[in-house]
Amino acid sequence: MALTSQKDLIKLAILTVLSLIIIFLIDVNRYIFIGLFALNFLIVGLTSATIVYSKLSFKQIIRKPIQIVIFGILFTVIDTLFTIQFLNVTQKNLLIVFGIINLVLIFISISHRLTKNKDTENIPNEESPKEKLSIQKIKNYIKNNDTEEKNEKSYKGLIYVIVILSIVTLTSIIIKPFNIIPIWEALSLPFILFIPGYLILNYIRIGENEFRSLERIGISIFISLIISSIIGFIQAQIVGSLQMSIISIILVLLTLIICVPLYIMRIKKTSKPNIYTNINVYRLLLVITIIGVIAVIGTGIYITTGEISQNNENITLSIGNLSNSSGNDGYYNFNPDEELNLELNLTNNENKNMNYKIIIKVSNQTSNKTLLEENKILKSKKSEIIPFNITMTPGKKYIQFIVYNKYNKPIKVKHLLINVNETYNYDTNYNYE
């Protein structure tokens, strides 16, 4: 069995680290970006292929260009989706995320080869029956310690924990008042990063000795990220934007409806002593589930007692410093050249940090213009005052104050009707006509 040399993987790791150093030391222009992106594309394709085709040498893997390109495209999509969702989309951020993905994959591949090499070294020769017998005794001792009762308790407990965590996560996303505080963002992480891949891998390779624990966890993360990226890509194509709440709901339902039943079916068809179990995975998910249950119940109690408003006013928008009163027709009357110093007061009641875009438009009988476009990052329960000055010009005007969310959808609109009686021209700060 010709495994990929660890030296080749270390060379890929050095190239990745050098590319990261270049990114941090110099300004990334278009040409540098193309070169570094192509390098990372090649590295991620080669590294992924060494994990999937673990029995092939590096030279044999190089002869699989189609597979390398497919893996490169797949992780390019993952890189882009992750950067869009969690970071500002810049050339530098895209390359940094790509480099981190490469280093993680290289670590998994090297770990896989280390364990394979150890297995090869421990295989006794045909001429050493004593050594062969001692190894067999050790294996029997390990199997005797991992009793059938302990295994059954571990994998049954894992199923119960995943089902409960799924229900708790769906509750924190969908049901009021439990979804007022966005704790689902933390609860959904195991489904985005680990659980679906872990169940699918255990369905395909349930045998205890087929993978070591570290390899199984790494491959589970790999599969889960692929599933999450595919769901995100499909959603982006259909809706035009990424909504992590929708992606999380789909992943949880996928786990409940498909992954868990498949895992249970495979368990029933497999001899119980041979079923892979990892007590540390079970304990970790159990702790997350307990914390999640407490957090969701606590959120419901906290909000029901009136500590946090449950009204539908996720944001409030008010116009200040408007001293005049409107007439019966709804118009505010002003004189030509009069300075109107407004204060737009924006408050975030969404119980999480938000990125808003504020646009102020003015229209009259002949024109429709944008006077102000400004982005604001507003922390939960915080307010921002946006000053806005207008010099009055003759005629009737319709001013709109619009707040957009991060998906570029309008979520709050205020209107102001203005009438300036005189018809002669004045100098203005803004050219409305």
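First, a word on scope: everything that follows refers to the structure included in this document.

It is worth spelling out the packing of aromatic side chains at this point. The full count for this structure, using the stated rule, is four aromatic pairs. Relative to Phe 37, the ring of Phe 33 lies with its centre 5.5 Å away and its plane at 35 degrees, an arrangement referred to as tilted. One end of the pair is Phe 33 and the other is Phe 37, both in helix 2 (residues 30-52) and four residues apart, which spans about a single turn. Seen from their ring centres, Phe 37 and Phe 98 are 5.3 Å apart, and the 65 degrees between their planes marks the pair as edge-to-face. Of this pair, Phe 37 sits in helix 2 while Phe 98 is found in helix 5 (residues 91-121), placing the two residues 61 residues apart along the sequence. Residue classification places Phe 98 among the buried positions, given a relative accessible area of 0%. Ring pairing ties together the aromatic residues Phe 33, Phe 37 and Phe 98, which thus form one cluster. Stacked on the ring of Tyr 331, the Lys or Arg Lys 396 has its end atom at 4.8 Å from the ring centre.

A sheet is described by the order of its strands in space; here five strands give the open sequence 2-8-7-4-5, paired in mixed fashion. Strands with a single pairing partner mark the edges of an open sheet, and in this sheet they are strand 2 (332-334) and strand 5 (368-378). Recorded for the sheet is a direction-independent mean angle of 20 degrees between the axes of neighbouring strands. Examined bridge by bridge, strand 7 (residues 395-404) and strand 8 (residues 410-420) share 10 bridges and lie antiparallel to one another. Looking at the pairing, Val 403 lines up with Lys 412 of strand 8.

What follows covers the environment of Thr 47. Within the secondary structure, Thr 47 is located in helix 2. Given the relative accessible area of 0%, Thr 47 is considered buried. With 38 residues separating them in the primary sequence, Thr 47 and Leu 9 have C-alpha atoms 7.5 Å apart. Setting aside its immediate chain neighbours within four residues, Thr 47 contacts Leu 12, Leu 105, Ile 106 and Ser 109.

Left-over empty space is what a probe sized like a water molecule reveals as it rolls over the atoms. Overall, the coordinates contain one cavity of 30 Å³ or more when judged by the stated rule. The space that makes up the largest cavity amounts to roughly 40 Å³. What lines the largest cavity is simply Ser 154, Tyr 155, Leu 158, Tyr 198, Tyr 263, Tyr 276, Thr 277, Asn 278, Val 281 and Tyr 282. Residue assignment for the lining of the largest cavity shows that the elements contributing at least two residues are helix 7 (148-174) and helix 13 (279-304). For the lining of the largest cavity, the element with the highest residue contribution is helix 7, accounting for three residues. A per-class count over the lining of the largest cavity returns seven nonpolar, three polar and no charged.

Moving on: the nonpolar core. Grouped together as the largest cluster of nonpolar side chains are 50 residues, with contacts concentrated most on Phe 75, Leu 158 and Ile 195. Each residue touching Leu 158, except ones within four places of it in the same chain, is listed here: Tyr 198, Tyr 263, Val 281, Tyr 282 and Leu 285. Core analysis: the next-biggest nonpolar cluster, separate from the first, contains 24 residues, Leu 340, Tyr 356, Phe 388 and Ile 390 among them.

A few words on the environment of Ser 19. Position of Ser 19 among the secondary structure elements: in helix 1 (residues 6-25). Between the alpha carbons of Ser 19 and Leu 39 there is a distance of 8.4 Å; along the sequence they are 20 residues apart. The contact partners of Ser 19, leaving out residues within four places of it in the chain, are Leu 36, Leu 39 and Asn 40. Among the polar contacts listed, one links the side chain of Ser 19 to the backbone oxygen of Thr 16, at a separation of 2.6 Å.

About the criteria used
- Per-chain numbering applies: the sequence of each chain, read as written, is numbered from 1 onward.
- Under the rules for a predicted model, residues below a pLDDT of 70 receive no local features and side-chain atom pairs below 80 are neither given nor counted, while totals for whole chains, interfaces and linings still include all residues.
- Computation of side-chain values: all heavy atoms of the structure, hydrogens and water removed.
- Each Phe, Tyr or Trp ring, with Trp reduced to its six-membered ring, pairs with another whose centre is within 6.5 Å; inter-plane angles below 30 degrees give stacked pairs, above 60 give edge-to-face pairs, and intermediate values give tilted ones.
- Helix and strand labels come from DSSP, where a helix needs a run of H or I of at least four residues and a strand needs a run of E of at least two; each type is numbered from the N terminus.
- Remark: exposure states derive from per-residue accessible area (1.4 Å probe, protein chains only) relative to the maximum for the residue type, with buried under 20%, exposed over 50%, and partly exposed in between.
- We count a charge as sitting over a ring when the NZ of a lysine or the CZ of an arginine lies within 6 Å of the ring centre and within 35 degrees of the ring normal.
- Strands are treated as partners if at least two bridges between them are detected by DSSP.
- Lines fitted to C-alpha atoms define the axes here, with helix axes fitted over just the stretch in contact, and angles between the N-to-C directions of these axes take values from 0 to 180 degrees.
- Whether two residues are in contact is decided by their heavy atoms: any pair within 4.5 Å suffices.
- A 1.4 Å probe that fits but cannot get out identifies a cavity on a 1 Å grid over protein atoms alone, an open set with protein on both sides within 12 Å along at least five of seven lines counts as a pocket, and a residue lines either if it has an atom within 4 Å of a point.
- Grid points are joined across faces, edges and corners, and a volume is the space filled by probe spheres set on the points.
- Residue type decides the class: Asp, Glu, Lys and Arg count as charged, Ala, Val, Leu, Ile, Met, Phe, Trp, Tyr, Cys and Pro as nonpolar, and the leftover types, Gly among them, as polar.
- Note on terminology: a nonpolar core comprises buried Ala, Val, Leu, Ile, Met, Phe, Trp, Tyr and Cys residues joined through side-chain atoms within 4.5 Å.
- N or O atoms within 3.5 Å of each other form a polar contact, as long as, within protein, one can give a hydrogen and the other can take it, and as long as residues adjacent in sequence are counted only when both atoms are side-chain atoms.

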